[in-house]
Amino acid sequence: SQTIHQWPATLVQPVGSPLSLECTVEGTSNPNLYWYRQAAGRGLQLLFYSVGIGQISSEVPQNLSASRPQDRQFILSSKKLLLSDSGFYLCAWSWGRFTGELFFGEGSRLTVL
Amino acid sequence: GDSVTQMEGPVTLSEEAFLTINCTYTATGYPSLFWYVQYPGEGLQLLLKATKADDKGSNKGFEATYRKETTSFHLEKGSVQVSDSAVYFCALSGPGTASKLTFGTGTRLQVTL
């Protein structure tokens, strides 16, 4: 069976510090990978998605970036966090042949102070 | 671009009441439509989906019908239970949007005894 792991679960960081959130999927190959941010009143905002190694599509201009160094690994990064980066970040995967079903991780809550 | 509009919550109902959560969409062409649910402390999971006009998706007593003429996909359940308390997200995948979902803002449902 397939599983998705996302860490850390909770993170408190000062403004201007770097960020690295990691996500790995097990039990499948060549999945599509996604980073979403969930903010109160704004629902789920797609940040990045990837259909293959080294292929990253950015949906929202911001100071965040994403990388896919391995087939089943997806990393969300920032060089300098802003207060507005606070939120709940969700990683998800889907089958390479997209059916609309996303499988979500449990999320990472980031607080920038 | 594609967008999804959901009724604002929270929605508070007594157990066994009838539930409707409204969802309308804007998209080019004929998208696929989805409802996802997020139970407290958990990640999102797919509840039901419909891929073409007049299709009815159903699962766990919930139903939603794809209405092209009104661009709607309202979620309904005839008799809610306390265990249905969660946040419900409507989402779409447009034919030209290649392997990604656009979500609504979510509607929180609280069911009381």
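Residues numbered from 1 in each chain as written. Chains lettered and ligands numbered in written order. Predicted model: local features only at pLDDT ≥ 70, side-chain atom pairs only at ≥ 80, totals over all residues. Heavy atoms only, no water.

Enquirer: How should the interface of chain B and chain A be read in this particular structure?
Expert: Taken together, the contact between chain B and chain A spans 17 residues of the former and 21 residues of the latter. Of the roughly 1500 Å² buried at the junction of chain B and chain A (both faces included), carbon and sulfur atoms supply 57%. In this structure, the connection of chain B to chain A is made through one salt bridge. Notably, a salt bridge pairs Glu59(A) with Lys100(B), separated by 2.7 Å at the nearest N-O pair. One can count five residue pairs in polar contact (both at pLDDT 80 or more) joining chain B with chain A. (Contact = heavy atoms within 4.5 Å. Buried area = accessible area lost by both parts, 1.4 Å probe. Salt bridge = Lys/Arg side-chain N within 4 Å of Asp/Glu carboxyl O. Polar contact = N/O pair within 3.5 Å; in protein donor to acceptor, adjacent residues only side chain to side chain.)

Enquirer: In this structure, what is going on with the sheet that holds strand β3 (residues 19-26) of chain A? I would like to understand it.
Expert: All names here are of chain A. Within the open sheet, the four strands sit side by side as β1-β3-β8-β7. Their pairing is antiparallel. One side of each edge strand has no neighbouring strand; the edge strands of this open sheet are β1 (3-7) and β7 (64-70). Neighbour to neighbour, the strand axes of the sheet diverge by 15° on average, direction disregarded. As judged from the five bridges shared by β7 and strand β8 (residues 73-78), these two strands associate in the antiparallel manner. Counterpart to Ala66 in the pairing with β8 is Leu76. (Pairing = 2+ DSSP bridges. Helix = DSSP H or I, 4+ residues; strand = E, 2+ residues; numbered from the N terminus. Axes fitted to C-alpha atoms, helices over the stretch in contact; angles between N-to-C directions.)

Enquirer: Is there a simple way to explain the state of the cysteines in this structure?
Expert: Here, the word disulfide means a covalent bond between the sulfur atoms of two cysteines. Scanning the entire structure with this criterion turns up two disulfides over all chains. Between Cys23(A) and Cys91(A) runs a disulfide, and the two sulfur atoms are separated by 2.0 Å. One disulfide, between Cys23(A) and Cys91(A), carries an S-S torsion of -80° and so falls in the left-handed class. Of this pair, Cys23(A) sits in strand β3 while Cys91(A) sits in strand β9 (residues 87-94), placing them 68 residues apart in sequence. What makes Cys23(A) buried here is its relative accessible area of 1%. Through a disulfide, Cys23(B) is tied to Cys90(B); the S-S separation comes to 2.0 Å. Across the S-S bond linking Cys23(B) and Cys90(B), the dihedral sits near -70°, which makes this disulfide left-handed. (Disulfide = S-S within 2.5 Å. Buried < 20%, exposed > 50% of the residue type's maximum accessible area, 1.4 Å probe, protein only.)

Enquirer: Where do I start with the pairing of strand β5 (residues 43-52) of chain A in this structure?
Expert: Consecutive side chains of a regular strand alternate in pointing toward one face of the sheet and then the other. All names here are of chain A. Taken across its 10 residues, β5 has nine buried, putting it largely inside the fold. Note: strand β4 (residues 32-39) against β5, seven bridges, orientation antiparallel. Within β5, the residue paired with Arg37 across the bridge is Gln45. With three bridges joining them, β5 and strand β6 (residues 55-58) adopt antiparallel strand pairing. For Gly52, the partnering residue across the bridge sits in β6 and is Gln55.

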